[in-house]
Amino acid sequence: MSAAIMNEDLFGSPVRGADNHERQELRMNKALTVGLLILAVFGSFCAFLTWQLVSRLLSVFCGTAVQGSCVRRYSTESSDGGTSWHHVYGFTTLDGQYVEFEEDTMIMAQGQAVTVRYRASNPVRSATVIGPGGAWSPLFGQLLGIFVLGMFTLTGAMFVWIGAGEPDL
């Protein structure tokens, strides 16, 4: 090791010849970079899930309600041996168009009648079984996803706040 001062940055990498002010500035820059990366990734996913939730809730509260049924359900195996059930629902719009869509619910029997809500402007993309007469589990799953991603987004915001501060002199 040379006579130069050996210090470590935020991630344990050696920094030669850096005084305390330079080390602190380097830590803040890395915190800012990490925070912006976390904000970009998790914030984007959180925004997407929130947009999906708002779209579904628009169908629930402002959409047209019709009778539909669980047309079929099928299972897929995950790599860890777990089984996931998927449900396909079918309904006929007030205009006479038959639409099928997939929405995961916790427990729904094939052939079971459900209330389907959709927006007349785009029934294929806006159909949902969330609400009375349908299922609530898709809503709770989406809220959980938004909560978890929101916590990671807040962590990223904290890193940005720490990284954007002024270094101590």
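Everything numeric here is computed off the predicted structure, so don't read it as measured data.

A. Representation of the overall build of the chain. Helix and strand content of the chain: 3 helices and 6 strands. Start at the N end of the chain and walk to the C end: the helices and strands fall as β-β-α-β-β-β-β-α-α. Across the chain, contacts joining residues at least 24 apart in sequence account for 56% of those joining residues at least 6 apart.

B. Looking closely at the sheet that holds strand β4 (residues 83–92). Here 4 strands make up an open sheet; going across it, the order is β5-β4-β3-β6 and the pairing antiparallel. Because the sheet does not close on itself, it has two edges, and the strands there are β5 (98–102) and β6 (113–118). Between one strand and the next, the sheet's axes are offset by a mean angle of 40°, whatever the strand orientation. Looking at chain direction, strand β3 (residues 64–77) and β4 are connected through 9 bridges and run antiparallel. Across the sheet, residue Y74 finds its bridge partner in β4, namely H86.

C. The layout of surface pockets, seen in detail. In this structure, the largest pocket occupies an estimated 360 Å³ of space. Element by element, the count of residues in the lining of the largest pocket is highest for helix α1 (residues 20–62), at 6 residues. Classifying every residue of the lining of the largest pocket by side-chain character gives 5 nonpolar, 6 polar and 5 charged.

D. Spotlight on the confidence of the model for the chain. For the chain, per-residue confidence averages 85 on the pLDDT scale, and 86% of positions sit at 70 or higher. Highest mean pLDDT in the chain belongs to β5 (95); lowest belongs to strand β1 (residues 6–8) (53). Segment residues 1–5 is flagged for pLDDT under 50; beyond a separation of four residues in sequence, or across chains, it makes 6 contacts in the model.

E. Expanded view of the side chain of R117. Relative to the assigned elements, R117 resides in strand β6. Buried charge without a salt bridge: R117, with E103 as the nearest opposite-charge side chain at an N-O distance of 9.1 Å. At 2.9 Å, the side chain of R117 and the backbone oxygen of P132 are in polar contact.

F. Up close: helix α3 (residues 137–163). Look at α3: 39 Å from first C-alpha to last across 27 residues, which is about the 39 Å you get at 1.5 Å a residue. Listed in full, the buried residues belonging to α3 are S137, P138, L139, Q142, I146, L149, G150, T153, G156, V160 and G163.

G. Representation of the pattern of salt bridges within the structure. In this structure the tally under the stated criterion is 2 salt bridges. Where E103 meets R56, a salt bridge forms, and the shortest distance between an N and an O atom there is 3.2 Å. Taken together, the positions of E103 in the loop between β5 and β6 and R56 in helix α1 put the pair 47 residues apart, joining distant regions of the chain. Exposure remark for E103: the relative accessible area of 4% places this residue in the buried category. Exposure remark for R56: the relative accessible area of 23% places this residue in the partly exposed category.

H. Here's a closer look at the environment of S75. Structurally, the position occupied by S75 is in strand β3. Distance from S75 to W85, taken between C-alpha atoms, is 4.4 Å for residues 10 residues apart in sequence. Apart from residues no more than four positions distant in its own chain, S75 is found in contact with T83, S84 and W85.

I. The pairing of β4, seen in detail. With antiparallel pairing between neighbouring strands as the criterion, β3 and β4 make up a hairpin whose turn holds 5 residues, including G81 at a positive phi of roughly 90°. In this sheet, β5 lies alongside β4 in antiparallel orientation, the contact comprising 5 bridges. Within the sheet, the bridge partner assigned to T92 lies in β5 and is Y98. Where β4 folds back on β5, the antiparallel hairpin that results is connected by 5 residues, among which G96 adopts a positive phi of roughly 95°.

Cut-offs applied
The numbers attached to residues start from 1 for each chain and follow its sequence in the written order. With pLDDT at 70 or above as the cut-off, local features in this predicted model cover only qualifying residues; side-chain atom pairs require 80 or more to be listed or tallied, and sums for whole chains, interfaces and linings still use all residues. Water and hydrogen atoms were dropped before computing side-chain values, which therefore reflect all heavy atoms in the structure. A run of DSSP states H or I qualifies as a helix once it reaches four residues; a run of E qualifies as a strand once it reaches two. Both are numbered from the N-terminal end. Every residue pair with non-hydrogen atoms within 4.5 Å of one another is taken to be in contact. In this scheme, strands are said to pair when DSSP sees at least two bridges between them. Only the contacting stretch of a helix is used when fitting its axis, a line to C-alpha atoms as for every element, and angles between N-to-C directions run 0 to 180 degrees. Throughout, the protein atoms alone are placed on a 1 Å grid, and a set of points is a cavity if a 1.4 Å probe fits but cannot get out or a pocket if it is open with protein on both sides within 12 Å along at least five of seven lines; lining residues have an atom within 4 Å of a point. Grid points are joined across faces, edges and corners, and a volume is the space filled by probe spheres set on the points. Residue polarity is assigned by list, with Asp, Glu, Lys and Arg as charged and Ala, Val, Leu, Ile, Met, Phe, Trp, Tyr, Cys and Pro as nonpolar; anything else, Gly included, falls into the polar class. pLDDT measures the predictor's confidence residue by residue and takes values from 0 up to 100. The rule is simple: take the accessible area with a 1.4 Å probe, protein chains only, and divide by the maximum for that residue type; under 20% is buried, over 50% is exposed, in between is partly exposed. Positive charge is attributed to Lys and Arg, negative charge to Asp and Glu, and no charge count is given to His or to the chain ends. We define a salt bridge as a contact between a side-chain nitrogen of Lys or Arg and a carboxyl oxygen of Asp or Glu at a distance within 4 Å. Distance and chemistry together define a polar contact, namely a pair of N or O atoms within 3.5 Å, with one atom able to donate a hydrogen and the other to accept it when in protein, and with adjacent residues in sequence counting only for side-chain atoms on both sides. Working rule for helices: expected span equals 1.5 Å times residues minus one.

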